[in-house]
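# Descriptive structure summary
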Amino acid sequence: MKLFLHQSDLKKYLHSVKKQGHSIGFVPTMGALHAGHISLIQQSKTTNDLTVCSIFVNPTQFNDSTDLAKYPRTTEADISMLLAAECEVLYLPQTKDVYGDVVKVQTQFDFEGLDTGLEGSSRPGHFAGVAQVVKLLLEIVQPDILYLGQKDYQQWAIINKMNSLLNLSVQVVRCPIYREENGLAMSSRNSRLSVEARGTAGIIYTTLQWAISKLAEMKFDTIEMEARKKIDANADFKTDYFKILNAENLKPMVKYNEQNAFVIVTAVVVEGIRLLDNVVKETT
Ligand code: AMP
């Protein structure tokens, strides 16, 4: 695996790769890698000649500097996982290499409401920071395909939108959620849960699946209410939101129909740790 600390060197290398007609897949991450991240690398490797992974903890998406400082940094272990996955390139920059001297959001997008609810409600400015860093990283890597996890569904929807607003020629692929054995969506935060809570947290996915199975037969507000009850019946579990939305524009839906794709998104706070998950019902 080739390791690049500076975008100038990376760009030079990728320029020569592209000149040879090779395709490039890109997986941006903030490190603390787990099997979910690696599944994105694997998906990229099946399609592209070369896969670039970036590890960069992006300061502009944190509205709390303590959160930024506390974000886990496990670079050595991350590198071992990327080597084992046979990832070809790692971009591991310092903040200055990505942002230069202006570490702030410079481009504001109109995401038509995609960014205001759900995670956007509890983290103002978060998605503007995410969009900013992905824009900068895409300018550096210029991949053919960008791989994002469905796990962060709202983030995927926003980056997809940015891609069309900027007319970038990159294809955005949404990768399936990689789960633990009990169905809990894999996340670096899971290791902060007690063994008990981590076991019980499978209820989040079970409840999402139950909700999907009821879409055609129950009223949506009843499904949402019952789902919250199922999850919150467990000690130290508190549902922040559980919502049935239009999968394209993330607007609330009230009734099932076969022409629309739906996404059911949830955020549950377990022992003080925020867990995200979702399921999608495609059109039939
Ligand atoms: P992060 O390092 O948390 O910014 O995540 C980097 C990428 O990995 C994002 O596109 C995430 O959506 C994706 N990701 C995180 N967890 C999972 C998972 N359990 N399954 C699939 N993709 C994931």
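Values in this document were obtained by computation on a predicted structure and should not be read as measured data. (Residues numbered from 1 in each chain as written. Predicted model: local features only at pLDDT ≥ 70, side-chain atom pairs only at ≥ 80, totals over all residues. Heavy atoms only, no water.)

### A few points about the packing of aromatic side chains
Each aromatic ring pair is specified by the distance between its two centres and by the angle formed by the two planes. Taken as a whole and assessed by the stated rule, the structure comprises seven aromatic pairs. Summarising the aromatic geometry, the rings of F220 and F262 are spaced 5.7 Å apart at their centres and angled 85° between planes, so their arrangement reads as edge-to-face. With F220 in helix α11 (residues 220–232) and F262 in strand β8 (residues 262–270), this pair connects stretches of sequence that are 42 residues apart. Residue classification places F220 among the buried positions, given a relative accessible area of 3%. Among the aromatic side chains, those forming a connected cluster through ring pairs are F220, Y256 and F262. Lying over the aromatic face of W156, R174 brings its terminal NZ or CZ to 4.7 Å of the ring centre. Stacked on the ring of Y205, the Lys or Arg R179 has its end atom at 3.6 Å from the ring centre. (Phe/Tyr/Trp six-rings, centres within 6.5 Å; stacked < 30°, edge-to-face > 60°. Helix = DSSP H or I, 4+ residues; strand = E, 2+ residues; numbered from the N terminus. Buried < 20%, exposed > 50% of the residue type's maximum accessible area, 1.4 Å probe, protein only. Lys NZ or Arg CZ within 6 Å of the ring centre and 35° of its normal.)

### Re the site of the ligand
In the vicinity of the ligand there are 15 residues, among which M30, G149, D152, Y178 and M186 approach most closely. In this structure, G149 approaches the ligand through a main-chain N or O atom, which is 2.9 Å from an oxygen atom. At 2.8 Å, a backbone N or O of M186 approaches a nitrogen atom of the ligand. Protein burial of the ligand: of its 490 Å² of free accessible surface, 91% is covered by the chains. Contributions of two or more residues to the shell around the ligand are made by β2 (24–29), α2 (35–47) and β5 (145–149). Ranked by residues supplied to the shell around the ligand, first place goes to α2 with three residues. Counted by class, the shell around the ligand contains eight nonpolar, five polar and two charged residues. (Near = heavy atom within 4 Å. Polar contact = N/O pair within 3.5 Å; in protein donor to acceptor, adjacent residues only side chain to side chain. Areas by Shrake-Rupley, 256 points an atom, 1.4 Å probe, with all protein chains shown as cover. Nonpolar A, V, L, I, M, F, W, Y, C, P; charged D, E, K, R; others polar.)

### Re the pairing of β2
β2 sits mainly inside the fold: five of its six residues count as buried. In this sheet, strand β3 (residues 50–55) lies alongside β2 in parallel orientation, the contact comprising six bridges. Bridge assignment links V27 to a residue of β3, and that residue is C53. Assessed by its sense of winding, the connection that carries the chain from β2 through α2 to β3 is right-handed. Relative to β5, β2 is paired through two bridges, and the arrangement is parallel. Bridge pairing in β5 places F26 opposite L146. (Pairing = 2+ DSSP bridges. Right-handed = clockwise from strand over helix to strand, strands pointing away.)

### Describing the sheet that holds strand β9 (residues 273–281)
Strand order in the open sheet formed by three strands is β7-β8-β9, and the pairing between neighbours is antiparallel. For this open sheet the edge positions go to β7 (237–246) and β9, each flanked by a neighbour on one side alone. In this sheet, adjacent strand axes meet at a mean angle of 15° when their direction is disregarded. Pairing of β8 with β9 involves nine bridges; the strand directions are antiparallel. Within β9, the position partnered with V269 by the bridge is R274. The sheet contacts of α11 involve β7 and β8, and relative to β7 the element is tilted by about 155°. (Axes fitted to C-alpha atoms, helices over the stretch in contact; angles between N-to-C directions. Contact = heavy atoms within 4.5 Å.)

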